[in-house]
Amino acid sequence: TSRPGEAPSRSMENYRGANGSYQLDYPSNWQVFEGRDGGVSFAPDWAIEGNDLTRGVIVGSYSPKQNKGTVTLTKALNTLINDLRQSNSYLDEDERDRYTERLAGRNAIATFMFGRNPAGYEERVWVVTRTSGTGVIYMIFIAPEQDFQQYKSTFNSMLKSYAVSERNYR
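The structure displayed is predicted, hence computed values, not measured ones. (Residues numbered from 1 in each chain as written. Predicted model: local features only at pLDDT ≥ 70, side-chain atom pairs only at ≥ 80, totals over all residues. Heavy atoms only, no water.)

Trainee: Any chance you could explain the nonpolar core here in plain terms?
Mentor: Considering soluble globular proteins, one finds that nonpolar side chains tend to be buried as a cluster. Membership of the largest hydrophobic core comes to 27 residues, with the highest contact counts inside it found for Leu24, Phe42, Trp126, Met139, Phe141, Phe155 and Met158. Those elements that place two or more of their residues in this core are strand 2 (22-27), strand 4 (40-43), strand 7 (56-62), strand 10 (106-116), strand 11 (122-132), strand 12 (135-144) and helix 2 (148-161). For this core, the leading source of residues is helix 2, giving 5 residues. Residues contacting Phe42, with those up to four places away along its chain left out, are Tyr15, Leu24, Tyr26, Trp30, Gln31, Val32, Gly56, Val57, Val59 and Met158. Core analysis: the next-biggest nonpolar cluster, separate from the first, contains 19 residues, Leu77, Met113, Tyr138 and Ile140 among them. (Core = buried A, V, L, I, M, F, W, Y, C linked by side-chain atoms within 4.5 Å. Buried < 20%, exposed > 50% of the residue type's maximum accessible area, 1.4 Å probe, protein only. Helix = DSSP H or I, 4+ residues; strand = E, 2+ residues; numbered from the N terminus. Contact = heavy atoms within 4.5 Å.)

Trainee: I tried to follow the sheet that holds strand 13 (residues 163-164) on my own but got confused; where do I start?
Mentor: Two orientations exist for strands paired in a sheet by backbone hydrogen bonds: parallel and antiparallel. Spatial ordering of the open sheet is given by 1-2-13, a layout of 3 strands whose pairing is antiparallel. Edge strands, defined here as strands with exactly one partner in the open sheet, are strand 1 (12-16) and strand 13. Here strand 1 pairs with strand 2 via 5 bridges, running antiparallel. Its bridge partner being in strand 2, Met12 is matched across the sheet by Pro27. Along the sheet, helix 2 makes contact with strand 1, strand 2 and strand 13, crossing strand 2 at roughly 160°. (Pairing = 2+ DSSP bridges. Axes fitted to C-alpha atoms, helices over the stretch in contact; angles between N-to-C directions.)

In structure tokens form, the structure reads like this:
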């Protein structure tokens, strides 16, 4: 929906991943939606439409399907961007907008994706990813373009609060 609901609360709750691999803070008026694949979404309950998230954050990890070797930040982001495009073909990225960021105390790479979603409004998606052990961890922040500035400080707080226990990532 393009309708704005209640703004994110300034009061934060703490979430700890089931296996203790990470933790982060999220607005107390948002819900936690745990996926079967280990990913977790944080969003207002009114911002979930079927399987789509119109506003909120997705946190996850994956192990690249490649032979031995290290995963580079660029490869990690490219894989994630390709996965997002498969399920959201309307999203585009300008690779010139990529920049370095910090995620859970380490170097990360970030970018923005934009597009008019099937509901007919412009959507902005901020993607931040980094390597961890032999895998990749990521955060995806989603909001309508017109509301993104309203959510930006909440998204930044969540990004900064994200902490990882490296020994639990393989």
